[in-house]
Amino acid sequence: MTNFLNDFRLATLCLVLGGALMIAAPLRAAQAEAPDELIRKLSVEVIDKIKADKDIQAGNPKKVSEFVDTTIMPSVNFERMTALAVGRGWREATPEQQRRLIVEFRILLLRTYSGALGQVTDQTVRLKPLRADPSDEEVIVRSELVSRRGPPIQLDYRMQKMGAAWKIYDVNVLGVWLVETYRNQFAQELNNGGVDGLLKSLSEKNKQYAQG
Amino acid sequence: MNSSGGSGWRSVSAAALLVVAALAAGGCATTRAPSDSGGVFSALGQVDPLEPYNRAMFSINDALDKAVLKPIAIAYQKVVPETGRRMIGNVFSNIGDVWVSVNNLLQGRFGDSASDLGRFALNSTVGIFGLFDVASDMGLEKHYEDLGLTLGRWGALPGPYIVLPLFGPSTLRDGIGFAVQYQTDPLQTLDSAGQRNNLSALRLIDTREGLLAAEKLLDAAALDRYLFVRDSYLQRRRYLVYEGKSPYGE
């Protein structure tokens, strides 16, 4: 009986909370958060979570993957990021190939950045003034990671407005755009073996590291 | 100045001629600078006309690095404690501030130039030959400038990408800047050839040690290491020249 009551209470609580969220969500969405404000919040959240979690710092693949999916990916238009890196080949790819490109590219990037997460120590984020018009649908948000242990690290983001929310579709570290850095490497694979060739070399690279 | 000073200055004047040539070329090109608007990679053939040579040199550098420099850098990281490595890095960073100051002066950034000179004076004295970066603690921020960037700010375009023997990624413009700075490197003015070589070697090891972590990232991230390094280098240099204020919508 007490079990049933507990379950009942829990269910009611869920319903109430769920209802509240459903009402609140559209309200929140109606007034879109400014893109630089989103980056500031996201940066703080990401830094705090990394600092609080030894597994993430050590680059534990499962933990990092979960962390990225729950914390970062909701604010990223990863499909566009992949499409831009693949370039002209994207339109030639079938929907299934596109899906696989997204999956493999995500694994590649996750692995790359997993190794760097241990270096998050005392950093704080500093936003640079946003030079954009309120009506802009695409902006570049500039920020800096400030640390006592070295010079600041520039981190910039290309963002687009999707509905009411802003999404990241390219990242710049120290002046180097992620998409631009992969474009020529992908183009080379596309020239040599088409979309399948690119997929093959991506998945081979990922497998090689999964074993090592 | 040592006995090789004369030949050093001859090289400098030769390099200066090249600089003038590069500036002239840059000057001509600035009138159609918007053609650069698609990023440096819009016309690949023009960015890397030397690709066959570059790839070969990249492999040679890589092989040399794997055989000699990298093992030494790893050993250095193991043997010398972090505090010691930081101090050694500080010393070279301090010597480097002289050129940083000169470059800021050449770019008309007199405040920064004075601050860099102040850093050098403070760190060389209070900081004991640069072992301690006391200037940073006192709020004099470390800057980074080199002659390639100065030429870039004066309007010289980077020109073709060039992989230098031993020293790696560069461009025509940056290579010229590098050559001039190398010839007038404070370490090269030491009288004893032994000291000169030992300190140059130590600086190289110090630099390489600092790159060990980045190299791991490169191995994990790159489908083609050559392209990854080239495209990162060119973007990074472009960013430094325009400091995030590229006229091409960056």
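Preceding this section is the structure that the text describes.
This one's a predicted model, so the numbers in the text were calculated from it and none came from an experiment.

A. Structural view of the overall build of chain B. Per the secondary structure count, chain B includes 11 helices and two strands. The linear arrangement of helices and strands in chain B, starting from the amino end, is α-α-α-α-α-α-α-β-β-α-α-α-α. Buried residues in chain B amount to 26% of all 250 residues. Put simply, 67% of the contacts in chain B that link residues at least 6 apart link residues at least 24 apart.

B. Inspection of unusual backbone geometry at higher detail. Residue Leu174 of chain A is not a glycine yet carries a positive backbone phi of 55°. Overall, Leu174 of chain A belongs to the partly exposed group, with 15 C-beta atoms counted inside 10 Å. With a phi angle near 50°, Ile128 of chain B is a residue other than glycine that sits in the positive phi range. Here Ile128 of chain B is to be found in the loop between helix H5 (110-125) and helix H6 (134-137). Judged by local crowding, Ile128 of chain B falls into the partly exposed class, with 13 C-beta atoms found within 10 Å.

C. Looking closely at the interface of chain B and chain A. Contacts between the two partners involve 19 residues from chain B and, on the opposite side, 21 residues from chain A. At the level of elements, helix H10 (212-221) and helix H11 (225-242) of chain B are the ones that each hand at least two residues to the side of chain B that touches chain A. In terms of residue count, the dominant contributor to the side of chain B that touches chain A is H11 of chain B (eight residues). Here the side of chain B that touches chain A is composed, by residue class, of 10 nonpolar, four polar and five charged.

D. Representation of the pairing of strand E2 (residues 138-147) of chain A in the model. Residues and elements named next belong to chain A. Relative to E2, strand E1 (residues 124-127) runs antiparallel, the two sharing four bridges. Bridging across to E2, Leu127 finds its partner in Ser143. Where E2 hands over to strand E3 (residues 150-162), the hairpin turn is made up of two residues, counted between the paired strands.

E. Molecular detail of the packing of helix H4 (residues 82-106) of chain B against H5 of chain B. Residues and elements named next belong to chain B. Relative orientation of the contacting elements H4 and H5 amounts to 160°, with a least axis distance of 8 Å. By the angle between their axes, H4 is roughly antiparallel relative to H5. Seen along the crossing, H4 lies across H5 with a hand that is left-handed. Seen from H4, the contacting residues are Asn94, Asp97, Val98, Val100, Ser101, Asn104 and Leu105; seen from H5, they are Phe110, Asp112, Ser113, Asp116, Leu117, Arg119, Phe120, Asn123 and Ser124. Within the contact of H4 with H5, the residues separate by chemical class into six nonpolar, six polar and four charged.

F. Looking closely at H11 of chain B. Residue and element names in this part refer to chain B. With 18 residues, H11 should reach 26 Å at 1.5 Å per residue; the first-to-last C-alpha distance of 26 Å fits that figure. Within H11 the residues assigned to the buried category are Leu227, Arg230, Asp231, Ser232, Leu234, Gln235, Arg237, Tyr239 and Val241. Looking at the residues trailing H11, positive phi occurs at Glu243, about 45°.

G. The nonpolar core, seen in detail. In this structure, Ala85, Phe105, Tyr157, Met159, Val179 and Phe186 of chain A are the most contacted members of the largest nonpolar core, which totals 26 residues. Looking at this core, the elements with two or more residues in it are helix H5 (78-86), helix H7 (95-114), E2, E3, strand E4 (165-173), strand E5 (176-177) and helix H8 (178-211) of chain A. It is H8 of chain A that contributes the most residues to this core, seven residues altogether. Dropping the residues within four chain positions of it, Val179 of chain A is found in contact with Met81, Leu84, Ala85 and Asp170 of chain A. Counting residues in hydrophobic clusters, the runner-up holds eight residues, among them Leu172, Ile176, Ala179 and Val180 of chain B.

H. Broad picture of H4 of chain B. Residues and elements named next belong to chain B. Taking 1.5 Å per residue as the helical rise, H4 with its 25 residues ought to reach 36 Å, and the 35 Å between its terminal C-alpha atoms agrees with that figure. At Gly96, H4 shows its largest kink, close to 25°. What H4 keeps buried is the set Asn90, Val91, Asn94, Gly96, Asp97, Val100, Ser101, Asn103 and Asn104. Summarising the contacts, the buried residues of H4 are in contact with H5 and helix H7 (147-153). Gly108 sits one or two residues past H4 and shows a positive phi near 80°.

Rules used in this analysis
Residues numbered from 1 in each chain as written. Chains lettered and ligands numbered in written order. Predicted model: local features only at pLDDT ≥ 70, side-chain atom pairs only at ≥ 80, totals over all residues. Helix = DSSP H or I, 4+ residues; strand = E, 2+ residues; numbered from the N terminus. Buried ≥ 20, exposed ≤ 12 C-beta atoms within 10 Å, placed from the backbone. Contact = placed C-beta atoms within 7 Å. Nonpolar A, V, L, I, M, F, W, Y, C, P; charged D, E, K, R; others polar. Pairing = 2+ DSSP bridges. Axes fitted to C-alpha atoms, helices over the stretch in contact; angles between N-to-C directions. Parallel < 35°, antiparallel > 145°, perpendicular 65-115°, else oblique. Left-handed = near helix turned anticlockwise from the far one by under 90°. Expected span 1.5 Å × (residues − 1). Core = buried A, V, L, I, M, F, W, Y, C linked by C-beta atoms within 7 Å. Bend = angle between axes of the 7 residues up to and from the residue.

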